[in-house]
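The chain contents come next:
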Amino acid sequence: MIGLILYMIVFFVFILPLTILVAVVGEYLIRSFALYRIAGQTGACNPKHAWIPVYQYWVMGKCAEECDAQTGRGGKKPWKWSKILLIMRISYLCAMIFMPLAFLLAIFGGGILLEGISWLSIALTVFVAVCAFKMYRYYIDDPYDSIALVLTVLYPGWISTALLIASFFPPRAQRASAPAADVAQCGGAAVIVAQESDEG
């Protein structure tokens, strides 16, 4: 019995906090490196800003905006995802301060604050997923960009890893333009050959 109590103390005081710390730091490093690469490749903003905590959500939004602009899918009035994500992230962090009060109110039947924080969390997750999809679409061909989106919605912790993997693919526009140039050259050569044969 004493051994079990000691194990529980060690687990909750040392092992669990250490595991959470490693997971949070690891997620931060992967997301920062992914956004650093994407910001550099797209020219969305200064890539070094991706390493600034919280502000990296602005960088993510800026990368999504630039990916939309370069793929020609921004629309007439493109959304300012950089501002939206930054405001949402700051709002969520501020709301988390009231989480103990929200739990206390929920115990006594006043769960509206807890529900509000939950909806804010869901909205932030959806907006991050939308921006991630815009970046997937910049790098990954159809339908794999949609598959990546579905997987990262089902497993939100993998968004940073998926973005990092995507950043190692050449942009779709580069892959699409390379075969087109070859076809044009072949077409030009065919025209030249046809012209020469007509003269002869």
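Shown above is the structure to which this text applies.
Here we summarise the structure given alongside this text. (Residues numbered from 1 in each chain as written. Predicted model: local features only at pLDDT ≥ 70, side-chain atom pairs only at ≥ 80, totals over all residues. Heavy atoms only, no water.)

**Some thoughts on the packing of aromatic side chains**
- Evaluation of the coordinates by the stated rule reveals five aromatic pairs.
- A ring pair is formed by Y55 and W58, whose centres lie 5.0 Å apart and whose planes are at 15°; its orientation type is stacked.
- Taking relative accessible area as the criterion, W58 reaches 18% and is therefore assigned buried.
- Centre to centre, the rings of Y138 and Y139 are 4.9 Å apart; their planes meet at 90°, and the pair counts as edge-to-face. Of the two residues, Y138 and Y139, both sit in the buried class.
- Three or more aromatic residues joined by ring pairs form one cluster here, namely W79, W81 and F127. (Phe/Tyr/Trp six-rings, centres within 6.5 Å; stacked < 30°, edge-to-face > 60°. Buried < 20%, exposed > 50% of the residue type's maximum accessible area, 1.4 Å probe, protein only.)

**Side note on the side chain of S160**
- As for its placement among the helices and strands, S160 is situated in helix α7 (residues 159-166).
- Sequence-distant contacts of S160, defined by excluding residues within four places in its chain, comprise E27, I30, R31 and A34. (Helix = DSSP H or I, 4+ residues; strand = E, 2+ residues; numbered from the N terminus. Contact = heavy atoms within 4.5 Å.)

**Digging into the packing of helix α1 (residues 2-42) against α7**
- Between α1 and α7, whose axes approach to 8 Å, the crossing angle comes to 35°. For the element pair α1 and α7, the recorded crossing hand is left-handed. Touching E27, I30, R31, F33, A34, R37 and I38 of α1 are S160, T161, L163 and L164, all from α7. (Axes fitted to C-alpha atoms, helices over the stretch in contact; angles between N-to-C directions. Left-handed = near helix turned anticlockwise from the far one by under 90°.)

**Some remarks on the pattern of salt bridges**
- In the structure shown here, the tally under the stated rule is seven salt bridges.
- D68 is the salt-bridge partner of K134, the closest N and O atoms lying 2.8 Å from each other. Placement of the pair is K134 in helix α5 (residues 112-139) and D68 in helix α2 (residues 56-71), with a sequence separation of 66 residues. Accessibility classification places K134 together with D68 in one group, the buried group. (Salt bridge = Lys/Arg side-chain N within 4 Å of Asp/Glu carboxyl O.)

**Description of the environment of A129**
- If you trace the backbone, A129 turns up in helix α5.
- Assessed through its relative accessible area of 10%, A129 is described here as buried.
- When the C-alpha atoms of A129 and T152 are compared, they prove to be 7.4 Å apart, with 23 residues separating the residues in sequence.
- When residues no more than four places from it in sequence are discounted, the contact partners of A129 are L149, V153 and I159.

**Considerations on the nonpolar core**
- V59, M60, M135, Y136 and L163 are the most contacted members of the largest nonpolar core, which has 34 residues in total.
- When residues of this core are traced back to their parent elements, those giving at least two are α1, α2, α3 (81-97), α5 and α7.
- Here this core takes eight residues from α5, the largest share from any one element.
- Apart from the residues lying within four places of it in its own chain, the contact partners of M60 are R31, L35, L85, V128, C131, M135 and L163. (Core = buried A, V, L, I, M, F, W, Y, C linked by side-chain atoms within 4.5 Å.)

**Re the environment of S121**
- Considering the arrangement of structural elements, one finds S121 in helix α5.
- Sequence spacing of S121 and R89 is 32 residues, and the spatial spacing of their C-alpha atoms is 8.9 Å.

Function cannot be inferred from these measures alone, as they are strictly geometric.
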